[in-house]
Amino acid sequence: MKRLFKSLLVAATMSVLALGVVGCGEKKEEAKPEAANATAAAPAPKTIVFAADAAYPPMQYMNEQKEIVGFEVDVIKAVAANAGFKAEFKNVAWDGIFAGLASKKYDAISSSVSITEERKATMDFSDPIMSIEQMLVVAKDSKATDLAALKGKSIGAQIGTTSYLVIKDEKGFKAIKTYDEVGLAMEDLVKGSIQAVVADSPVAVDYTTKKHADKIKIAGVLKSDKVENVGIAVLKGNKEVIDLVNKGLAGIKADGTFDKIKAQHQMQ
């Protein structure tokens, strides 16, 4: 009997030990904690809204799909890609474009803005995108080559531009007409309502080689002792946007992208 009881006790002990071994072999699955060094989602790139008067070919204008396109638009898109921000464009009439910046309706102006001392009083500017000149545009059959030859005649320019500033204090003209858009001045020149238009060199070249190539021509360059540069304008003190634009502009000028864009738009 003792032997039987002892045998049963041994068997029971072995069973308990076996269960213990099996229990120890089972592993409970636990949720794996996220790695401490897991890469956080990259923040969305900063969006910068640029105002552009899209009636100034070839710098910025509307295409048939009602999109803002042009040389300066492509430059800013390339600048954005290089500097890591997103560029958006807003079509704004020139006569209200600076007031809109002052009231913070957009972040910057990309609209062939000449960098002048007067504008620097209320705005900061990027590094120059390019240099321009003021050109005199006349009818194909005109013999005028300078402003002096147009005394007694009517001349026009877009209001609020450096083109207008060149002629606004000149004496001896029959009339100095101002226009909301440079294209309207060119139309009046073609019709004979005025005898000359002063415009930025890229615009003068565009109108005299494309839309009105058979009716108007460049009579000459209005010489100045100052270099006229075009840049991006922001509110005074907006260093973040200026730094991003300057970074991207330097990048695309260094890697050849800027020159490729100039070639695509046949810019001189």
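Source: prediction; values computed, not measured.

So, how was this worked out
Residues numbered from 1 in each chain as written. Predicted model: local features only at pLDDT ≥ 70, side-chain atom pairs only at ≥ 80, totals over all residues. Heavy atoms only, no water. pLDDT = per-residue confidence, 0-100. Contact = heavy atoms within 4.5 Å. Buried < 20%, exposed > 50% of the residue type's maximum accessible area, 1.4 Å probe, protein only. Helix = DSSP H or I, 4+ residues; strand = E, 2+ residues; numbered from the N terminus. Pairing = 2+ DSSP bridges. Right-handed = clockwise from strand over helix to strand, strands pointing away. Salt bridge = Lys/Arg side-chain N within 4 Å of Asp/Glu carboxyl O.

A. Molecular detail of the confidence of the model for the chain. Averaged over all residues, the pLDDT of the chain equals 88, while 84% of them reach at least 70. The model gives residues 1–29 a pLDDT under 50, and that stretch makes zero contacts with residues more than four places away or in other chains.

B. Highlighting the pairing of strand E10 (residues 154–158). Within E10, five of the five residues are buried, leaving the element largely enclosed by the surrounding structure. Here E10 shows two buried faces, one formed by Ser154, Gly156 and Gln158 and the other by Ile155 and Ala157. Summarising the sheet, E10 and strand E11 (residues 175–179) pair through five bridges and their orientation is parallel. Considered in E11, the bridge of Ser154 is made with Ala175. After leaving E10, the chain enters helix H5 (residues 162–167) and then returns to the sheet as E11, a path that is right-handed. Sheet topology note: the E10/strand E12 (residues 196–200) ladder contains two bridges and is parallel. Its bridge partner being in E12, Ile155 is matched across the sheet by Ala196.

C. Just the pattern of salt bridges, in detail. Per the counting criterion, the structure on display carries 12 salt bridges. In this structure, Glu240 engages Lys46 in a salt bridge whose closest nitrogen and oxygen atoms are separated by 3.8 Å. Here the residue Glu240 occupies a position in helix H8 (residues 239–254), and Lys46 occupies one in the loop between helix H1 (2–25) and strand E1 (47–52), the gap between them amounting to 194 residues. Assessed through its relative accessible area of 48%, Glu240 is described here as partly exposed. Its salt-bridge partner being Lys191, residue Asp188 comes within 3.4 Å of it at the nearest N-O pair. Here Asp188 pairs with Lys191, and both are found in helix H6 (residues 182–191), just three residues apart, close to one helical turn. A residue is classified by how much of its surface remains accessible, and Asp188, at 12% relative accessible area, is buried. Relative accessible area serves as the criterion here: at 62%, Lys191 is assigned to the exposed category. Residues joined in a network through salt bridges with shared partners are Lys177, Asp188 and Lys191.

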